[in-house]
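Topology and contacts: notes
Read off the chains here:
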Amino acid sequence: MTALAAILLSAAAMTAIVGVRYLLTSGAFALATRATRPGLYVGLDKQIAREIRWSLASAAIYGVPAGIVAWGWRQHGWTQIYEDVGAYPLWYLPVSVFLYLFAHDTWFYWTHRWMHRPKPFKAAHAVHHASRPPTAWAAMAFHPIEALTGAVVIPLLVFAIPIHVAALGLVLAIMTLMGVTNHMGWEVFPKFMVEGPLGRWLITASHHQRHHERYGCNYGLYFRFWDRVCGTDDGLGNFDAAARRARAAGAAGRRLAGRDAQG
Ligand SMILES: [Zn+2]
Ligand SMILES: [Zn+2]
């Protein structure tokens, strides 16, 4: 097989992996939502179809750079990914996971803040915010420009920061899980964690929900560090209040529609 064919195959395989991983994870949490909060996604079928389309397009954009780097790693020993767990001290395993998450969070915070400027918002980020309220399917609902800014992060980091292949798997699992749970419309983590000392630094659904509600705040991905340092942290959202408002808006809309039908 020529190198080009091998690269294309690797990119296609990665696209399939990212796409299937998205469908399984978002699907599982959408089912959990239906089981525990029946009715939360009622009336959102069109929006969900849109979220799935954008997310699957994003899967290809994530798959191509990942596929190229995976090919280079296997064929030419590119990257600092290691397989011998003894190659670095054991304490480095959790440290490497933290370094990846922190680097990704830093990149995300600043690109996300930039995308809230009027021009980039209109050109790219509006797609993500068109989900009101977002659902578990919105995890990768990004315009291609935004997807590209997210897709290059891990493929670049593996050249800079050594990481064991299993630790990298954990980073990707956390990335996938948080992308889904942060958008699904309810808090999956226990209250003591979200509202306790840990929650002061970690981002969960309650924090990102406020971003989707108020826009100009809570830009972070995993940690509240940059939001706190830069004064953009606006605390935690309240799902009960948001659900009440959504219901009230729905009822008002129905009343208006009824009046129009009569008038
Ligand atoms: Zn979001
Ligand atoms: Zn945003």
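Here is a short report on the structure shown in this document.

Each value, and the rule that gives it
Residue numbers run consecutively from 1 along every chain, following the written order of its sequence. Both sets of labels track the order of writing: A upward for chains, 1 upward for ligands. In view of the model being predicted, local features appear only for residues whose pLDDT reaches at least 70, and side-chain atom pairs are presented and counted only at 80 or more, with totals across whole chains, interfaces and linings using the full set of residues. Lines fitted to C-alpha atoms define the axes here, with helix axes fitted over just the stretch in contact, and angles between the N-to-C directions of these axes take values from 0 to 180 degrees. Helical segments are the DSSP runs of H or I of at least four residues, strand segments are the runs of E of at least two, and each set is numbered from the N terminus. Convention used here: angles under 35 degrees read as roughly parallel, angles over 145 as roughly antiparallel, angles from 65 to 115 as roughly perpendicular, and any remaining angle as oblique. The hand of a helix crossing depends on one turn: near helix anticlockwise from the far one by less than a right angle means left-handed, and clockwise means right-handed. Residue pairs are scored as contacts if the distance between their C-beta atoms, which are placed from the backbone, is within 7 Å. In this classification, the charged set is Asp, Glu, Lys and Arg, the nonpolar set is Ala, Val, Leu, Ile, Met, Phe, Trp, Tyr, Cys and Pro, and all remaining amino acids, among them Gly, are polar. With C-beta atoms placed from the backbone, a residue is labelled by how many other C-beta atoms lie within 10 Å of its own: buried for 20 or more, exposed for 12 or fewer, partly exposed between the two. To estimate how far a helix should extend, the number of its residues minus one is multiplied by 1.5 Å. Fitting one axis to the seven residues ending at a residue and another to the seven starting there, the bend at that residue is the angle between the two axes. Each nonpolar core comprises buried Ala, Val, Leu, Ile, Met, Phe, Trp, Tyr and Cys residues, the members being joined through C-beta atoms within 7 Å.

Right, let's get into the packing of helix H3 (residues 92-115) against helix H7 (residues 165-181). Between two packed helices, both the angle of their axes relative to each other and the distance between the axes serve to describe the pair. Here H3 crosses H7 at 40°, and the two axes come no closer than 9 Å. It follows from the interaxial angle that H3 and H7 lie oblique. The element H3 and its partner H7 pack so that their crossing is right-handed. Listed contacts from H7 to Leu93, Ser96, Val97, Tyr100 and Leu101 of H3 are Ala167, Leu170, Val171 and Ile174. Class assignment for the residues of the contact of H3 with H7 results in eight nonpolar, one polar and no charged.

All right, on to helix H6 (residues 153-160) then. By the burial criterion, the buried members of H6 are Val153, Ile154, Pro155 and Val158. In this structure, the buried residues of H6 make contact with helix H2 (45-76), strand S1 (81-82), H3, helix H5 (144-151) and strand S2 (163-164).

This brings us to H2. Taking 1.5 Å of rise per residue, 32 residues should cover 46 Å, and H2 covers 46 Å from first to last C-alpha, within 8% of that figure. Taking the largest bend as the criterion, H2 deviates by roughly 25°, centred on Gly63, and proline Pro65 comes between one and four positions later. One or two steps after H2, the chain reaches Gly77, where phi turns positive at roughly 65°.

The topology assignment puts Gln209 in helix H9 (residues 205-214). With 75 residues separating them in the primary sequence, Gln209 and Pro134 have C-alpha atoms 8.6 Å apart.

A separate point is the nonpolar core. The nonpolar side chains of soluble globular proteins are, as a tendency, buried together. By size, the foremost hydrophobic cluster in this structure holds 33 residues, and its most contacted members are Tyr62, Ala136, Ala139, Met140, Ala141 and Phe142. Within the residue set of this core, elements represented by two or more residues are helix H1 (3-36), H2, H5, H6 and H7. Of all the elements, H2 adds the most residues to this core, at eight residues. In contact with Met140, other than residues within four places in its own chain, are Tyr22, Ser55, Ser58, Ala59 and Gly179. In this structure, Tyr109, Ile203, Tyr219 and Leu221 belong to the second largest nonpolar core, which totals six residues.

Let's shift gears to unusual backbone geometry. With omega at -5°, the peptide bond leading from Arg132 into Pro133 counts as cis. Relative to the helices and strands, Pro133 is located in the loop between helix H4 (118-129) and H5. With a phi close to 65°, Tyr215 is a non-glycine residue in the positive phi region. Despite not being glycine, Asn218 has its phi angle at roughly 50°, a positive value. Among the secondary structure elements, Asn218 is positioned in the loop between H9 and helix H10 (225-229). For Asn218, a count of 24 C-beta atoms within 10 Å gives the class buried.

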